[in-house]
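Residue strings, one per chain:
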Amino acid sequence: MIPDQKGRVIIVTGATSGLGKETARVLAKKNATVVMAIRNVKKGEAVVAEFKKDLPNASFDVRALSLDSLDSIRQFADGIIKSYDRIDVLINNAGVMACPFSKTTDGFEIQMGVNHLGHFALTGLLMPLIQKTPGSRIVATSSQAHRLGDIDFDDLQWKDRKYVTGKAYSDSKIANLYFTYELTRKLKDQPNAPMITAAHPGWTITELQRHSLMFRVLNPLFGQKVDQGTLPTLRAATDEKAKSDDYYGPKGFMEMTGAPLLVQSNARSHDTHKAKKLWSMSESLTGVTYP
């Protein structure tokens, strides 16, 4: 049961499709003010119009955010800080998956750039406002693919290797967990520290898989619908018994489907040396340091 969210400001990145769209709808239904941080504002406005048919009194704020551009991230963060005096929950949901090799505006490999570095920069820029908000929370979105992740820190941008898109995605998903656990460690002695949690959706059918033939073939056999896949994220964002470093996923076979419960990420994701190394590289690459 999701508690009432009245009076709370919740930011959801990637809120026009898939998991982010359903997350935004559910939280607005629970009376939160939902900031939809999205690439395409026109599409976002159409989604809000769709939501309003069933939720006429819901509160949405559609804002442009391109996680493949540090300039866009800074503009978004500046706008939020000017408009709001609180951020109760930041849900870092947006992502790209299994796409052909490309680079972000700032020259980062696209999957690490959007899935990790973009959210790293966004969270850091919003952190002062998050820390001012009592009981605030940050939610990272990982994946079972993190189990195949093993970041090559000497070639983070895939300049010296043949590009393997599935490997790049897995690396970005273990990066999300390194971020979660390292941020918890960094803030552990701060009395006003936000809670930092993570979630994965199991095998959920979304537009994210459009570049993968395997998913398109196997989705009808193994995939669950978006309303089910969203539940781990919603629990990570709202469960009143949650604590920092909690990681939620489906309870079914191989964590592919089912109701959300606490799960365990793999041993590599808890490697503090690699987490600290990625943190240092992320600060250097994005130019964002945390207060």
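Structure's up top.
Here the structure is a predicted model, which is why all the values come from computation and not from measurement.

Undergrad: Looking at this structure, how should I read the pattern of salt bridges?
TA: A side chain of one charge can pair with a side chain of the opposite charge if their charged atoms are brought near each other. Inspection of every chain in the model, using the stated rule, returns 17 salt bridges. The salt bridge partner of K21 is E50, with a shortest N-O separation of 3.1 Å. One end of the pair, K21, is in helix α1 (residues 18-29); the other, E50, is in helix α2 (residues 41-54), and 29 residues separate them in sequence. A relative accessible area of 21% means that K21 is categorised as partly exposed. Classification of E50 by relative accessible area gives partly exposed; the value is 38%. A salt bridge links D246 to K243, with the shortest nitrogen-to-oxygen separation between them at 3.3 Å. Look at K243 and you get exposed, because its relative accessible area is 52%.

Undergrad: It is not clear to me how unusual backbone geometry should be interpreted in this structure. Could you clarify?
TA: Negative phi characterises most residues that are not glycine, and trans characterises most peptide bonds. A positive phi angle, near 60°, is found at W158, a position not held by glycine. Within the secondary structure layout, W158 lies in the loop between β5 (137-141) and α5 (165-187). Since its relative accessible area comes to 8%, W158 is described here as buried. Here D245, not a glycine, exhibits a phi torsion of approximately 80°, which is positive. Tracing the backbone shows D245 in the loop between α8 (231-238) and β7 (247-250).

Undergrad: Got a minute to help me understand the pairing of strand β6 (residues 195-199) in this structure?
TA: Looking down a regular strand, the side chains alternate between one sheet face and the other. Most of β6 sits out of view: 5 of its 5 residues are buried. On β6, burial covers both faces: M195, T197 and A199 on one face and I196 and A198 on the other are all buried. Since β5 and β6 lie parallel, the crossover through α5 that links them has a hand, and here it is right-handed. In this sheet, β7 lies alongside β6 in parallel orientation, the contact comprising 2 bridges. Each residue of the ladder has a partner; that of A198, found in β7, is Y247.

Undergrad: What is the right way to look at the sheet that holds strand β3 (residues 59-64) in this model?
TA: Paired through backbone hydrogen bonds, the strands of a sheet run either parallel or antiparallel to each other. Strands sit in the order β3-β2-β1-β4-β5-β6-β7-β8 across an open sheet of 8 strands; the sheet is mixed. At either end of the open sheet lies a strand with only one pairing partner, and these are β3 and β8 (260-262). Mean inter-strand twist for the sheet, computed between neighbouring axes without regard to direction, equals 20°. Examined bridge by bridge, strand β4 (residues 89-92) and β5 share 4 bridges and lie parallel to one another. From the neighbouring strand, I91 faces β5, where its bridge partner is V139. On the sheet, α2 packs against β2 (33-38) and β3 and is oriented at approximately 170° with respect to β3. Against the sheet, α8 contacts β4, β5, β6, β7 and β8, and its axis sits at roughly 160° relative to β5.

Undergrad: Any chance you could explain empty space enclosed by the protein here in plain terms?
TA: Rolled over the atoms, a probe with the dimensions of a water molecule shows which regions are left empty. Evaluation of the coordinates by the stated rule reveals 3 cavities of 30 Å³ or more. The computed volume of the largest cavity comes to approximately 70 Å³. Every residue lining the largest cavity is listed: N92, N115, H116, H119, F120, A140, T141, A175, N176 and F179. Every element with two or more residues in the lining of the largest cavity is listed here: α4 (110-132), β5 and α5. Sorting elements by how many residues they give to the lining of the largest cavity places α4 first, with 4 residues. Of the pockets and cavities examined, the second largest cavity occupies roughly 40 Å³. Forming the boundary of the second largest cavity are E109, M112, I151, D152, D155, L156, W158, R161, A168 and D171.

How each quantity is defined
Residues numbered from 1 in each chain as written. Predicted model: local features only at pLDDT ≥ 70, side-chain atom pairs only at ≥ 80, totals over all residues. Heavy atoms only, no water. Salt bridge = Lys/Arg side-chain N within 4 Å of Asp/Glu carboxyl O. Helix = DSSP H or I, 4+ residues; strand = E, 2+ residues; numbered from the N terminus. Buried < 20%, exposed > 50% of the residue type's maximum accessible area, 1.4 Å probe, protein only. Right-handed = clockwise from strand over helix to strand, strands pointing away. Pairing = 2+ DSSP bridges. Axes fitted to C-alpha atoms, helices over the stretch in contact; angles between N-to-C directions. Contact = heavy atoms within 4.5 Å. 1 Å grid on protein atoms, 1.4 Å probe; cavity = no way out; pocket = protein on both sides within 12 Å on 5 of 7 lines; lining within 4 Å. Points joined across faces, edges and corners; volume = space filled by probe spheres on them.

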